[in-house]
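Working through the structure, step by step
Here is how the chains run, residue by residue.
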Amino acid sequence: FKGMGVDFGDLDGDGVYDMFVSNITTSFGIEESNFQFMSTARDQADLRARLREGEAPWEDRSAQAGTAWSGWGWDVKIDDFDNSGVPAIVQATGFVKGEVDRWPQLQELATANDQLLQNPYWWPNVRAGDDVAGTQALHFFVKGTDGRYVDLAGRLGLAVPVPTRGIATGDADGDGRIDFAVARQWAEPVFYHNQSPAPGAFLGLRLTREAAPAAGATKAAGTLQAPGSPVTGAQVTVTTPDGRRLIGRVDGGSGHSGKRSSDVHIGLGPNVTGPVRAHLRWRDRTGQVHDQDLQLTPGWHSLQLGRQAREK
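The sections below set out a description of the structure shown in this document. (Residues numbered from 1 in each chain as written. Predicted model: local features only at pLDDT ≥ 70, side-chain atom pairs only at ≥ 80, totals over all residues. Heavy atoms only, no water.)

Once that is clear, we can look at the sheet that holds strand E22 (residues 309–311). Read across the sheet, four strands follow the order E18-E14-E21-E22 without closing on themselves; strand pairing throughout is mixed. Edge strands, defined here as strands with exactly one partner in the open sheet, are strand E18 (264–269) and E22. The average angle at which neighbouring strand axes cross in this sheet is 30°, direction not considered. Relative to strand E21 (residues 299–305), strand E14 (residues 201–209) is paired through seven bridges, and the arrangement is parallel. Paired with Leu-203 across the strands is Gly-299, a residue of E21. (Pairing = 2+ DSSP bridges. Helix = DSSP H or I, 4+ residues; strand = E, 2+ residues; numbered from the N terminus. Axes fitted to C-alpha atoms, helices over the stretch in contact; angles between N-to-C directions.)

When helix H1 (residues 44–52) is considered as a whole, its buried residues turn out to be Asp-46, Leu-47 and Arg-50. Projected onto a plane normal to the axis of H1, the buried residues spread over an arc of 105° and lie on a single side. Buried residues belonging to H1 abut strand E4 (58–60). For H1, the N-terminal capping position is held by Asp-43, with its side-chain oxygen 3.2 Å away from the main-chain nitrogen of Ala-45. Downstream of H1 by a residue or two, Gly-54 has a phi angle that is positive, lying close to 85°. (Buried < 20%, exposed > 50% of the residue type's maximum accessible area, 1.4 Å probe, protein only. Arc of directions from axis to C-beta. Contact = heavy atoms within 4.5 Å. Polar contact = N/O pair within 3.5 Å; in protein donor to acceptor, adjacent residues only side chain to side chain.)

What follows covers the pairing of strand E6 (residues 88–93). By the criterion of burial, E6 is predominantly enclosed, with six of the six residues buried. Pairing between E6 and strand E9 (residues 139–143): three bridges, direction antiparallel. Bridged to Gln-91 within E9 is His-139.

A few words now on unusual backbone geometry. Trans peptide bonds make up most of the peptide bonds, and negative phi angles are found at most residues other than glycine. The backbone of Ala-133 shows a phi angle near 60°, a positive value even though the residue is not glycine. Among the structural elements, Ala-133 can be located in the loop between strand E8 (130–131) and E9. Its identity is not glycine, yet Trp-186 carries a phi of approximately 70°, on the positive side. Turning to its location among the elements, Trp-186 is positioned in the loop between strand E12 (179–184) and strand E13 (190–192).

Shown next as structure tokens:
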């Protein structure tokens, strides 16, 4: 299908990344399917072994989960907005806003002979006033107790009928609740301040490089020399007292056009009150891989990562 956007997150709490892929999924338009690819690997070691064998151990379960169809999908972000320990899925949808429905012309293009598609002359000529998925709104998928997802955008006041494109997530005010901004077309950008009334506990990590480059790191090697730069690619696995494994990473953003804060934010759930074990895995400035276990209390922590992790 079109593959309009992708994000990664652990949707079922097994300690292995799943992924969500946006596509064009409009009924009576072009009805492909979003892909909610769930990992079938037992753990990260099994995942690595199967990837080395040329197997991609993920299965699309979007239909069973209720996330297969939404609209003309674009960017998507997977984050835990209420610190419940279960992430939600936010998806941008919509294309061209106007008054004249041009889906029929687009459908003709989609079913035309491939030889015709080579020439833009046969493509629909979308002009001012034409509409293709112009009233579609942001989607906010939340997992229910039965394992299926429900779009709560309407109940949360997010279902504005304006096409959206990119999503940027992060804790803008440091209160432990993930906020997000949305880039839109035919309307100004919008910032949604998270005011969840009773969020669970969270672990927030600001993982940065040491203040000075380590020996052997050179600009010629393409290494970012600035002190305090985020340790992009660092992985965090949290084990809660009840045995749950929760994962996060220093990402910066993937997908269609959105971004993610370089902070690692992991929702712990409502029952965690004491320290949790956090396993950190990162590469230093020379490329060497390091692992370290820490006991960390819920809340924000700033750590410098070099040969060891040190709290600032």
